[in-house]
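A closer look at the structure
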Amino acid sequence: MTVVGNLTLTLGTLVAPASITSTAFVVNGNFVHTAGTFTANSGRVTLGGTGQSVTGNTTFYQLAKTVVASDTLTFGAGNTQTISNGLILTGASGQLLNLRSSTPGVYTNLTLQAGGTQNISYVDVEDNDAGGGLKLIARNSTTLTHTNNWALSATFTWTGTTSTDWDTNTNWDLGLVPTTADTVVIANAGSQPATLATNVTITTLTINASATVNTNGKNLTVSGVLTNNGTLSRFGSETISFG
């Protein structure tokens, strides 16, 4: 389903399609929710237009906007957008997606609930408060102005919620796989061992007592400190380097 213009919800109930494909529910204009009920229904809302805004307080299952040319997405000042499952906000190299509040200097609230995943990259963020949920990590980005609970890198803790696969977002507390600039803590939690599926480079690594990392034939590079209070298993001819 595609909404060519604005979507305005002022009364009644709007039930989103129960699909997370990128074309299941596309809104090309503004998303305006002043009253009535929006039922997210395990579906994705894709913002497919340019110069769009999202106003009112809405809970989405997934919310996505991806651009290949520089664009601005504006959220209503003082409004709260809550995402329960997945948040995708991506620009491109040299073509940033700018995230703004409708009133400069006044926070808009963006809440990714625990257990949700995030894919945020090539963004420029201003006046955005993510303090109601998970810390939001802006990959391939440099500018965070007047933000709360946003970061360019962070400390990631293993939860093993879904599997033993290192590269699965839902196995990490922030709903995102750590990369080069991040600090990693492998807790004795969930599915063990945390198993590499590809070569991994991170900044620091702490393996807690009774926790295990299995390199599984993949290279592990820790540019800073490696603290091993548990088990680090080298599977074959792979390289483990640190410091």
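Residues numbered from 1 in each chain as written. Predicted model: local features only at pLDDT ≥ 70, side-chain atom pairs only at ≥ 80, totals over all residues. Heavy atoms only, no water.

**Some thoughts on the packing of aromatic side chains**
- In this structure the tally under the stated criterion is five aromatic pairs.
- Here Phe-31 and Phe-38 contribute two aromatic rings whose centre-to-centre distance is 5.6 Å and whose plane-to-plane angle is 85 degrees, an arrangement assigned as edge-to-face. Residue Phe-31 shares its accessibility class with Phe-38, and that shared class is buried.
- Members of the aromatic cluster, connected to one another through ring pairs, are Phe-31, Phe-38 and Phe-60. (Phe/Tyr/Trp six-rings, centres within 6.5 Å; stacked < 30°, edge-to-face > 60°. Buried < 20%, exposed > 50% of the residue type's maximum accessible area, 1.4 Å probe, protein only.)

**What about the environment of Ile-88?**
- Looking at where Ile-88 falls in the secondary structure, it is placed in strand β11 (residues 80–90).
- In sequence terms Ile-88 and Trp-166 are 78 residues apart; their C-alpha atoms lie 20 Å from each other.
- Setting aside its immediate chain neighbours within four residues, Ile-88 contacts Arg-44, Leu-63, Ala-64, Lys-65, Thr-66 and Asn-119. (Helix = DSSP H or I, 4+ residues; strand = E, 2+ residues; numbered from the N terminus. Contact = heavy atoms within 4.5 Å.)

**A closer look at the sheet that holds strand β22 (residues 200–202)**
- What the three strands build is an open sheet, ordered β22-β25-β28; its pairing is parallel. Because the sheet does not close on itself, it has two edges, and the strands there are β22 and β28 (240–242). Averaged over all pairs of adjacent strands, the angle between their axes in this sheet comes to 5 degrees, without regard to strand direction.
- Inspection of the sheet shows β22 paired to strand β25 (residues 220–222) by three bridges, in the parallel sense. Bridge assignment links Val-200 to a residue of β25, and that residue is Leu-220. (Pairing = 2+ DSSP bridges. Axes fitted to C-alpha atoms, helices over the stretch in contact; angles between N-to-C directions.)

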